[in-house]
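Here is how the chains run, residue by residue.
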Amino acid sequence: MTTPSQTVGPFFTIGLTERQDPGGTVRLSGRVLDGAGEPVPDALVETWQSDPPVFARCPTDAGGHWAVLVAPAAYVNVSVFARGLLNRVVTRAYLNADATDPVLVSIEPDRRATLVAAAIDDGYTFDVHLQGPHETVFFSL
Amino acid sequence: MEPDPPLDWPAYRSTALRAPHRPFVPLPRGRTELTGPVFGGGTVSPADADLTAHHPGEPLGERIVVHGRVVDTDGRPLAGTLVELWQANAAGRYRHDGDNHPAPLDPNFTGTGRCLTDAGGRYRFVTVKPGAYPWQNHHNAWRPAHLHFSLFGHAFAQRLVTQMYFPGDPLFGQDPIFNSVPAAARGRLIAGFDLDATVPEWALAYRFDLVLRSTPFEEGP
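A quick note: this is a predicted structure, and the numbers were derived from the prediction, not measured.

Chemist: Would you mind showing me how to read the overall build of chain B here?
Modeler: Per the secondary structure count, chain B includes 3 helices and 12 strands. Against the compact-globule benchmark of 17 Å for 221 residues, chain B has a radius of gyration of 18 Å, which places it among compact chains. Viewed in the frame of its principal axes, chain B has a C-alpha envelope of about 50 × 40 × 30 Å. When burial is assessed residue by residue, chain B has 41% of its 221 residues classed as buried. If you take every contact in chain B between residues at least 6 apart in sequence, the share linking residues at least 24 apart comes to 72%.

Chemist: Would you explain the interface of chain A and chain B in this entry?
Modeler: Bring the parts together and some accessible area is lost; that lost area is often taken as the interface size. Residue-level contacts link 49 residues of chain A with 56 residues of chain B. Mapped by element, the contributors of at least two residues to the side of chain A that touches chain B are β3 (43-50), β4 (53-59), β6 (75-82) and β11 (139-140) of chain A. In terms of residue count, β6(A) provides more of the side of chain A that touches chain B than any other element does, 4 residues in total. Considering only residue class, the side of chain A that touches chain B consists of 25 nonpolar, 18 polar and 6 charged. Across 2 bridges, β11(A) lies against strand β1 (residues 25-26) of chain B in parallel orientation. Its bridge partner lying in β1(B), F139(A) is registered against V25(B).

Chemist: Hey, could you run me through the sheet that holds strand β4 (residues 112-116) of chain B in this one?
Modeler: Residue and element names in this part refer to chain B. Across the sheet, which stays open at both edges, the 4 strands sit in the order β4-β3-β8-β9 with antiparallel pairing between neighbours. Edge positions in the open sheet fall to β4 and β9 (160-165), since each of these has one partner strand only. Strand-to-strand twist in this sheet, taken as the mean axis angle between neighbours without regard to direction, amounts to 20°. In this structure, strand β8 (residues 146-151) lies alongside β9, joined through 6 bridges in antiparallel fashion. For H148, the partnering residue across the bridge sits in β9 and is Q163.

About the cut-offs
Residues numbered from 1 in each chain as written. Chains lettered and ligands numbered in written order. Predicted model: local features only at pLDDT ≥ 70, side-chain atom pairs only at ≥ 80, totals over all residues. Helix = DSSP H or I, 4+ residues; strand = E, 2+ residues; numbered from the N terminus. Rg over C-alpha atoms; globule rule 2.2 N^0.38 Å. Buried ≥ 20, exposed ≤ 12 C-beta atoms within 10 Å, placed from the backbone. Contact = placed C-beta atoms within 7 Å. Nonpolar A, V, L, I, M, F, W, Y, C, P; charged D, E, K, R; others polar. Pairing = 2+ DSSP bridges. Axes fitted to C-alpha atoms, helices over the stretch in contact; angles between N-to-C directions.

Right under this line is the structure:
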């Protein structure tokens, strides 16, 4: 049996310092929002991609904003930790939403858009809705 | 048995607007899920594992050794994986701007450490025992003394953030975070007092082993 998860709590920034691996060239930014649509100011967003291997993590600010640099890729895996989340939640930000991607195809059509990062002037934007009518698709591993 | 707590846990009030409500979608494990970041010696120095030695003076509190092994569910040790730790000081106060508990900060304690596991998956920290603190979740709510742990393992799928508790804490019964874990799995979050690992005339010791998911092989790109 695995060790159970617990919340990261409100004070993780003293221990889980911001990190940006080299190799990230594309800005991926967004917000973390709660079920009332309010920003989550004490979340931690981590991104991981394997090819090339680039890890980054960034705490949200008072407005729920985060930003990292990722390598050009079809998608980036995203973990979100926060006070009030007893375990991380896992999602994917698709930078290039190929309509034949098997994971995307497996999602109900009206929810697929929650996994697609939108191109903006300085990269891509990807909001995570933890709850509510626009709740992001989260994955189990 | 599922050892992880449910995300929707009303007794912990902060879950109310943050716990997702829709069912999770199973994600096939491909290369992205079966690999993970590698943190080399450039990230971590041996001094990072002694939280009592980061300032000119020694912190107040009960000096303790906290050590253990990190393995996967097949019992294989996870070598060279990053373990990060953060905690309140002996008075129950975090060195964080958001902590307004009226207990003193300790000028000789930051409360953060990290290390890489050795070839046998072992880690070891020296720190002080954290104090309990109130947190307003419910009337007279107090968190049991705990250390926050963050582990990466070797794969994205193994990532774990958890909390280590101390044996016999009288605050367990009223803590919804601890009790969010299914009863049969709660003991896995409680360190054992470890007389053999104490340092005579210097420090008590606790052992806390961690088990991450197994990732036997890559299932394809």
